[in-house]
Amino acid sequence: MSEGWLAPFLLATLRAATPLIFCALSVVLAERAGVIHIGVEGVMLAGALAGLLGVVFWGDAYVGILFSLLVGLILGLLLALITVYLPSDQVVTGIVFNIFSLGVTSFIFRLAAEKNAAVQALIPVMPGSVFGLSPFMVLALVLTVFMWWFMFRTGPGLKIRSMGEDAHAAHAAGINVVITRMLILTAAAALSALGGAALTIGWVRSFTDNITLGRGFIALAAAYCGRWNPLLATAACILFGAGEALAFRAQAAGEGLNPHYFLMIPYLLTLLVVAVAGKGRAPADVGRPYVRR
Amino acid sequence: MHDIISQTGLSKDAAASSCAVEMTGISKSFGDVRALDDIAFSLQAGEVRALVGENGAGKTTLMNILYGIYAADEGVIRLGGREIPHSWSPREAIRAGIGMIHQHFALISNHTVLENIVMPLLKWREISPSWKSHAKRVSEICREYHFQIDLQSRVEDLSMGERQQVEIVKALYQGAKVLILDEPTSVLTPQQTEALFRFLLILKKRGHSVVLVTHKLDETMQISDRITVLRGGKLIGTIEREQANPQIIARMMIERDWIARLKVAPLPDSAAVVLKVRNLSLNNEQGIRVLDDLSFHVRAGEIVGVAGVAGNGQVELSDALVGLRRVQQGAVEIEGINSTRHTVLQRRKAGLVFIPEDRHHRGVVLDMDIAENIVLNTISEKPYSRYGVLRSQVITDCAEEAISAYSIKTPGCRVPVGNLSGGNQQKIVMARALLREPRIIIACQPTRGLDFGATEYVRKKLLECAQRGIGILLISSDLDEILELSHRILVMFSGKIVSDLPVDRVNLDQLGLLMAGHGRNNQLD
């Protein structure tokens, strides 16, 4: 490896970690309120496409981000209606939603490409970087600290965590569990979409089918390894990001070996970390729909 | 206790004020079941009211409606003369000064005491609550009512009695003027119960109203001013305590006379030991010692009661005996054969059967039918299956036989067990346990959640088994049950057996003290 590799490596790590951090925070938020957020992958994918389309059709990175957030909110509301209001099974709905999202994004991507060929090209680099740190990276780190403070130091945070620990107790304490969980899941989905935007607008600057490549699931793993604590979850994301950065670096340096082996690194790393992380104590009531009789 | 009883009767100014709560024409159905039918219930300020009835009478449902957990199908609720809005929820009930303490506490066990007490009062926009001033005011309430709870400890580390205090403080801190307690004494020792009643009378003196939801007649008679009886979702009536006695209330509750106490037959000295436990120790998943060096035995035809406040190792003991958990130390002998390393199946074949505490999760498979549940244990054995294929007719016959022998109320033997009442489900558990004449029965809370009739049936059945020479280990938190059925009583406290005495040498007070960890009896076998 060449001289001075550390700074670029750290930057690459953070770049790869940023989309994961947004998604991991969204998982932490939703699951602390008691809703399993498997749909994070699908929302992230939709957010990634929406962000890119926003940039292409309106010509501004920030409009792209806003559009991505809007799509996240709508999808979040849809997920909330199905898994909280009706409610249907959270895991099954999430999985089906992810498959749905994969198909729909690929379809819309092709429709958009017919309208405007620029959709398939690279979009401009997002402005506003300082020392190579993009606004997304800074926002991800700031949001991490904010989320931790919000969850563990504020009144609303306490109420949200109560809902995740025991929805019936929370209801008995006067919280409207259904409405609140719907709002939280909607907000969480917006965050997941932002993770997608961070991927397309902030990093790779293009879209391909299934561009998220299971990053939403890695974020789920990060939330799990991070014991549903925003700070630890982000730390896990950075670790997984390092795996991805390592994969690129090794791919560039390695000779003879098929590059696909290096691309396995982040996934193997995730599997390994989840395996050794041990069993965390999840919010006690997560995954159980709340039904008022 | 006498000074407590003499304090009952409504105070004058309380009687003069209007009704604190007035519920009229309340009806509520769950699916096809009519849980409440045209109930009227009113409560005055400064009154302690007992709401009694058998399981399923609708007591808790009625109070849940008042507290906004359920919405009534029909009926009107007035608080202080004003009708409540249609969108009634716990939040509004709390604001209106109603506090409810559920049988299963509505506490977040992972959060601290203070967080639990303050959380219901927090508004969503309160970003940084002033914890210090909250803590100060909560401490004042604790001091005022002589509660000793550490506000910073986590609820999961507290005993059941302490958790109840947290619930009470929570309700008071929310400004509750009407306090509803659902079966508050089911998790308490007799001493804790007495302390709770003393507290309720203080509360009453200060003009609060209390509703005590219970099916225990003794406590009803002890502290209530008036008694309301529900039966099968209907209001039977409300009577003044002075005009009531346990017989009258019991008759209102069950339409028949007070059940005569069961009598356990004396045990011959020559009875052989069927279950022997030596120096049994077990650590739980967290590495905490939950069973600590237990030694005891059960003889043929003997009923050994295990008393103790829930959570002192009873569940772990039954699991260890049945073979569901591996023990760290010690031995379990079934009829003289060391079975410590044996599986559940091997132990059952050796004659040890299990009536589990958690009927729904371990006792029966709710979605499977009665016949399937009855042969569940023996399904791979003749005559119920041959070459791995079930013999439907044999199983049906067997189930029909059990249904008539145990008088299980059901339209047929192919009905899902989930459709039956708790008592009938427990009869199925017993029928299965007794399908092959066992040598030992481990019975955990066999009558929990059952009504009078079913309770009596299960108890009689256990006595009958003992008479046939089956050894029974009866683990129960119902002290009356243990005193009534057992030959010998073990008391468990924090994983240890702190007392092992024949039934004629213990009394209720002594048991209560031992269960609370006070005093130790050295006469262990």
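1. Re the overall build of chain B
Scanning chain B from terminus to terminus reveals 19 helices and 22 strands. Rg of the C-alpha trace for chain B: 25 Å, near the compact-globule value of 24 Å for 525 residues, within the 12% margin. Taking the principal axes of its C-alpha atoms as reference, chain B extends roughly 70 × 50 × 50 Å. Counting across all 525 residues of chain B, residues that qualify as buried make up 44%. Sequence separation of 24 or more characterises 69% of the internal contacts of chain B that already satisfy a separation of 6 or more.

2. Notes on the nonpolar core
Formed by 163 residues in total, the largest nonpolar core has its most connected members in Ala24, Ala193, Ala219, Ala222 and Cys237 of chain A. Two domains each put at least three residues into this core: domain 1 (2–97 + 177–254) and domain 2 (107–175) of chain B. Alanine 24 of chain A has contacts with Ala219, Ala222, Ala223, Gly226, Ala233, Thr234 and Cys237 of chain A, leaving out every residue within four places of it along the chain. Within the second largest apolar cluster, 74 residues are counted, among which are Leu282, Val306, Val364 and Met492 of chain B.

3. Things to note about the domain arrangement of chain B
Residues and elements named next belong to chain B. Domains assigned within chain B are domain 1 (2–97 + 177–254), domain 2 (107–175) and domain 3 (273–515). Between the C-alpha centres of domain 1 and domain 2 the distance comes to 25 Å. Opposite the 9 residues of domain 1 that make contact, domain 2 presents 8 residues. For the side of domain 1 that touches domain 2, the element with the highest residue contribution is helix H8 (residues 190–205), accounting for 3 residues. When its residues are assigned to classes, the side of domain 1 that touches domain 2 shows 7 nonpolar, 2 polar and no charged.

4. Some thoughts on the interface of chain A and chain B
Accessible area lost on assembly of the parts is the figure often given for the size of an interface. Listed as interface residues are 16 residues of chain A and, on the opposing side, 21 residues of chain B. Where the side of chain A that touches chain B is concerned, the elements lending two or more residues are helix H6 (155–165) and helix H7 (167–172) of chain A. By residue number, the principal contributor to the side of chain A that touches chain B is H6 of chain A, which donates 6 residues.

5. Structural notes on helix H12 (residues 265–277) of chain A
Residue and element names in this part refer to chain A. Spanning 13 residues, H12 covers 18 Å between terminal C-alpha atoms, matching the ideal 18 Å at 1.5 Å per step. For H12, the full list of buried residues reads Ile265, Pro266 and Thr270. All buried residues of H12 project into a common sector of 130 degrees when viewed along the axis, lining one side. Structural note: H12 exposes Leu268, Leu271, Leu272, Ala275 and Val276 on the side pointing more than 90 degrees away from its buried face. Among the structural elements, helix H9 (215–225), helix H10 (230–253) and helix H11 (259–263) are those in contact with the buried residues of H12. Count one or two residues on from H12 and you reach glycine 278, which has phi positive near 75 degrees.

6. With respect to the pairing of strand E14 (residues 329–334) of chain B
All names here are of chain B. Across 5 bridges, the pairing between strand E11 (residues 273–283) and E14 is antiparallel. Looking at E14, one finds that arginine 278 is bridged to alanine 331. One ladder, built from 2 bridges, connects E14 with strand E15 (residues 337–338); its direction is antiparallel. In the strand pairing of E15, isoleucine 334 is matched with isoleucine 337. The loop that links E14 with its antiparallel partner E15 comprises 2 residues; one of these, glutamate 335, has a positive phi angle of about 45 degrees.

Conventions and cut-offs
- Along each chain, residue indices are assigned from 1 in the same order as the chain's sequence is written.
- Chains and ligands are labelled sequentially in the order written, the chains with letters from A and the ligands with numbers from 1.
- Owing to the predicted nature of the model, reporting of local features is limited to residues with pLDDT of at least 70; listing and counting of side-chain atom pairs is limited to 80 or more, with chain, interface and lining totals taken over all residues.
- Only runs of H or I of at least four residues qualify as helices and only runs of E of at least two qualify as strands under DSSP, and these elements are numbered from the N terminus.
- To get the radius of gyration, use the C-alpha atoms; to get the globule rule, take the number of residues to the power 0.38 and multiply by 2.2 Å.
- Using C-beta atoms placed from the backbone, we call a residue buried if 20 or more other C-beta atoms fall within 10 Å of its own, exposed if 12 or fewer do, and partly exposed for counts in between.
- Contact between two residues is assigned whenever their backbone-derived C-beta positions fall within 7 Å.
- Think of a nonpolar core as buried Ala, Val, Leu, Ile, Met, Phe, Trp, Tyr and Cys residues chained together by C-beta atoms that fall within 7 Å.
- How far each domain reaches was decided by an automatic or database domain assignment.
- Note on residue categories: nonpolar means Ala, Val, Leu, Ile, Met, Phe, Trp, Tyr, Cys or Pro, charged means Asp, Glu, Lys or Arg, and polar means any other residue, Gly included.
- Take the residue count of a helix, subtract one, and multiply by 1.5 Å to get its expected span.
- Throughout, the arc means that of the directions going from the helix axis to the C-beta atoms.
- By the convention used here, strands pair only if DSSP detects at least 2 bridges between them.

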